[in-house]
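What follows is the residue order along each chain.
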Amino acid sequence: MIWNPSKECMSLEQKRLLQGKRLHKIVSYVYHNVPFYRKKMQEMDIEPADIQTIDDIVKLPFTTKQDLRDNYPLGLQAAPQSEIIRIHASTGTTGNPTIVGYTRKDIDVWSECMSRCLTAYGVTKGDVFSISYGYGLFTGGLGAHYGVENLGATALPASTGGTRKHAKLLKDLGVSGIACTPSYALHLAEVLDEMGITKEDLNLRIGAFGAEPWTEEMRKEIQNKLGLKAYNIYGLSEIVGPSVSFECECQNGSHINEDHFYPEVIDPVTLEPLPCGQDGELVFTTLTKEGMPVLRYRTRDLCSLMEGECACGRTLVRMSAIKGRSDDMLIIRGINVFPSQVESVLLEIPECAPYYRLVVDRVNNLDKLTVQVEVRQDYLSQVGFDTLSPITALEKKVAERMKNVLSISPVVQIKMPNSLERFEGKAKVVIDNRNIK
Ligand code: DLL
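Cut-offs applied
Residues numbered from 1 in each chain as written. Predicted model: local features only at pLDDT ≥ 70, side-chain atom pairs only at ≥ 80, totals over all residues. Heavy atoms only, no water. Near = heavy atom within 4 Å. Areas by Shrake-Rupley, 256 points an atom, 1.4 Å probe, with all protein chains shown as cover. Helix = DSSP H or I, 4+ residues; strand = E, 2+ residues; numbered from the N terminus. Nonpolar A, V, L, I, M, F, W, Y, C, P; charged D, E, K, R; others polar. Pairing = 2+ DSSP bridges. Phe/Tyr/Trp six-rings, centres within 6.5 Å; stacked < 30°, edge-to-face > 60°. Buried < 20%, exposed > 50% of the residue type's maximum accessible area, 1.4 Å probe, protein only. Lys NZ or Arg CZ within 6 Å of the ring centre and 35° of its normal. Disulfide = S-S within 2.5 Å.

K.L.:
How would you explain the site of the ligand if you had to name every residue and give the values?
P.N.:
Every one of the 20 residues lining the ligand counts as a neighbour, but Asn 232, Ile 233, Ser 237, Asp 301 and Lys 426 are closest to it. Protein burial of the ligand: of its 600 Å² of free accessible surface, 92% is covered by the chains. Of all the elements in the fold, those that place two or more residues in the shell around the ligand are helix H6 (139–151), strand E7 (229–236) and strand E8 (241–247). The biggest single contributor to the shell around the ligand is E7, with five residues. Classifying every residue of the shell around the ligand by side-chain character gives nine nonpolar, seven polar and four charged.

K.L.:
Can you break down the sheet that holds strand E12 (residues 297–303) residue by residue, with the values?
P.N.:
The strand order E10-E11-E12-E15 describes an open sheet built from four strands, whose pairing is antiparallel. The strands lining the two open edges of the sheet, one partner per strand, are strand E10 (261–266) and strand E15 (324–325). Relative to E12, strand E11 (residues 280–286) runs antiparallel, the two being bridged by four bridges. Note on E12: the bridge partner recorded for Glu 281 is Leu 302.

K.L.:
Now, about the packing of aromatic side chains: what can you tell me, with residues and values included?
P.N.:
Aromatic ring pairs: the centre-centre distance and the angle between the two ring planes describe each pair. On inspection of all chains with the given rule, the structure shows six aromatic pairs. Relative to Trp 110, the ring of Tyr 102 lies with its centre 5.0 Å away and its plane at 25°, an arrangement referred to as stacked. The exposure class of Tyr 102 is buried, given its relative accessible area of 0%. Ring geometry for Tyr 133 versus Phe 138: centroids 6.4 Å apart, planes at 65°, classification edge-to-face. You can call Tyr 133 buried: its relative accessible area is 4%. The ring of Tyr 355 has Arg 422 sitting right over it, with the charged end atom 3.5 Å from the ring centre.

K.L.:
Explain the state of the cysteines residue by residue, including any values.
P.N.:
Within the structure shown, the criterion is met by zero disulfides. The structure places no disulfide on Cys 9, whose sulfur is separated from the nearest cysteine sulfur, that of Cys 312, by 7.1 Å. The exposure class assigned to Cys 9 is partly exposed, which follows from its relative accessible area of 28%.

K.L.:
Go over the pairing of E8, please, and point to the residues and values.
P.N.:
With seven of seven residues buried, E8 is to be regarded as a mostly interior element. Here E7 runs beside E8; their pairing, made up of four bridges, is antiparallel. Paired with Gly 235 across the two strands is Pro 242, which belongs to E8. With antiparallel pairing between neighbouring strands as the criterion, E7 and E8 make up a hairpin whose turn holds four residues. Where E8 meets strand E9 (residues 254–256), three bridges bridge the pair, whose relative direction is antiparallel. Paired with Glu 247 across the two strands is Ser 254, which belongs to E9.

Now the structure itself:
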């Protein structure tokens, strides 16, 4: 099923025309309402009249996270405060939080985009859908919630925390869909297991997972543990939270709601746009937002855009899975390492559980990477607890696999089941003690 075929299945020509019209309008809107953009455009000697088609987008200035921080709290807001009906904010762990205000129309567009995602996953009015992203300033909870209600399914605003109570409700209410981070899905599976609730006792069939990078191996793990089909959902606070893009039943990339959020992929060094298929930094321009529109916002997420039609019938362009963020790429003795690559390697080793940590230290001016990973309980029971040699052998096996696949030689520490911290929101798997950011 497709929620809005008139927008999700437009011909390329129709789509580009609509995007061009919307771009012209939004550029003129920010030029007249946001001094920051007017100044930037004047410095570049461009006026709204210079932006007529979507191809003109390359003439526009970029926006960075630093620009948002420098204009904290409301410097980039375009609509008057009386039109803003909701505010969300990023966590701001590394500086001022980013504040984003939404008008009523912005919330409607967001709910529409979210309903498109849910419909692509197969959610219908008959479903009871648990939202286990945090409610509050984080966009995950309320964003998904409004989409579920807009579609007409039943929203269960479980939020995070209270996992045992949540697990009981999943069973007792026959909940059929769940939205949460992939890490929380794994944590939930463990709690269900502790409570003696099996996937057969549940009615779960659809999962909408995102807010952090996750791999195909993680997808298999979650599907297997919860007995559902796991779909990707992507988004970011600066654009609109969840529903910027979503997987359809073909699960070959995530369709971007590009009638509202225009994507580009650029070379993060030269800032030149890259052709489809090439990996680079994802950049978004909001084509319809009123509260806080952004032009060419640099997400720091690394991925590629995918050309060609999708068998589902949608013509919305697809993006590959996020390979990492330019700012969470670790450089270990000159080698680029993304946590997601390490995750892929670990989860292909049957003795390893999907809980791991990467600890980076600098010893005598040299980077030292330690990979800590939990051993699976069933493997441990099989080999017995009384001898260390299987653990030592496993450490060696993991280290060798890392060396072969990633060309790095980390110190590997096998941890006992349940010894690493669990996460309800976004997982924090990297501990970088080098202080060189
Ligand atoms: O995480 C919005 C969201 C909520 C998306 C719920 C999906 C589901 P932020 O906290 O601003 O917003 O974080 C945005 O998280 O730039 C990516 O680096 C990462 N991210 C989000 N979704 C995915 C995903 C929300 N599906 C940042 N895959 C983004 C990989 C993701 N990374």
